[in-house]
Amino acid sequence: MSKANFVFHGLFPDVIDSKETTPKQIIKVLFDVEFNKEFHSHLLADIELMEDDGEFEVRGQLPFSCKDFSSAAIQYYQYAMGPQANKISHSGPKGPSLATNNVIRAQWQVALDASAL
């Protein structure tokens, strides 16, 4: 099995209107990946906190198969939200929650097992 080298760059919110009483907040994850000597830049995945069970759901398509990608995206989210986070807020001071106007920049790398589709 080959390795895919992921470099995560940042998180930003994307509010999705839903027919429910409160709109859903989806977190977009920006990353690059190198796999089999091919570089894929500026890829996006969505992370959503499922209110029913408190678990995360990760959605996104990769140009190869990587079963551990969802776990890595969640680890990156938790890393970026930690005390070393770099929030750029145009609406006021930084805070522990991910408000709709914040962008979080934090570099994080990981190599994961992957295979061609």
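Up top is the structure these notes are about.
Residues numbered from 1 in each chain as written. Predicted model: local features only at pLDDT ≥ 70, side-chain atom pairs only at ≥ 80, totals over all residues. Heavy atoms only, no water.

> It is not clear to me how the overall build of the protein chain should be interpreted in this structure. Could you clarify?
The helix and strand tally for the protein chain stands at 1 helix and 6 strands. The buried share among the 117 residues of the protein chain stands at 36%. As displayed, the protein chain has an accessible area near 7400 Å², and 50% of this comes from carbon and sulfur atoms. (Helix = DSSP H or I, 4+ residues; strand = E, 2+ residues; numbered from the N terminus. Buried < 20%, exposed > 50% of the residue type's maximum accessible area, 1.4 Å probe, protein only. Areas by Shrake-Rupley, 256 points an atom, 1.4 Å probe, with all protein chains shown as cover.)

> How should I be thinking about the pattern of salt bridges in this particular structure?
Side-chain pairs of opposite charge can arise where the charged atoms are in close proximity. Under the counting rule described, the total for this entry stands at 5 salt bridges. The partner of Lys-28 in a salt bridge is Asp-46, with the nearest N and O atoms 2.9 Å apart. Here Asp-46 lies in strand β3 (residues 38-49) and Lys-28 lies in strand β2 (residues 24-35), a separation of 18 residues in the sequence. Residues Lys-28 and Asp-46 agree in their burial class; the two are buried. Several salt bridges share partner residues, and in doing so they unite Glu-48, Glu-57 and Arg-59 into one network. (Salt bridge = Lys/Arg side-chain N within 4 Å of Asp/Glu carboxyl O.)

> How do you make sense of unusual backbone geometry when you look at a structure like this?
Unlike most non-glycine residues, Lys-37 shows phi in positive territory, near 65°. If you check the backbone angles, His-42 has positive phi at about 55° while not being a glycine. If you trace the backbone, His-42 turns up in strand β3.

> What is the right way to look at the environment of Lys-37 in this model?
With respect to the element layout, Lys-37 can be found in the loop between β2 and β3. On the accessibility criterion, Lys-37 (83% relative accessible area) is exposed. Each C-alpha atom, one on Lys-37 and one on Ala-4, is 9.5 Å from the other, the two residues being 33 residues apart in sequence.

> Mind showing me how you'd approach a nonpolar patch on the surface here?
On the surface, Phe-12, Leu-44 and Val-103 cluster together to form a nonpolar patch covering roughly 210 Å² of accessible area. Looking at where Phe-12 falls in the secondary structure, it is placed in strand β1 (residues 2-16). By relative accessible area, Phe-12 is classed as partly exposed at 31%. (Patch = residues over 30% accessible without salt bridge, like charges linked within 9 Å, V, L, I, M, F, W, Y side chains within 5 Å.)

> Could you clarify how one ought to interpret a negative patch on the surface in this entry?
Negative charge collects at one region of the surface, where Glu-51, Asp-52, Asp-53 and Glu-55 lie side by side. Within the secondary structure layout, Glu-55 lies in the loop between β3 and β4 (56-59). (Lys, Arg positive; Asp, Glu negative; His and termini not counted. Charge placed at Lys NZ, Arg CZ, Asp CG, Glu CD.)

> In this structure, what is going on with the side chain of Asp-32? I would like to understand it.
Looking at the element boundaries, Asp-32 is found in strand β2. One buried charged residue, Asp-32, forms no salt bridge at all, with the nearest opposite charge on Arg-105 at 12 Å. A distance of 2.8 Å separates the side chain of Asp-32 from the side chain of His-9, its partner in a polar contact. (Polar contact = N/O pair within 3.5 Å; in protein donor to acceptor, adjacent residues only side chain to side chain.)

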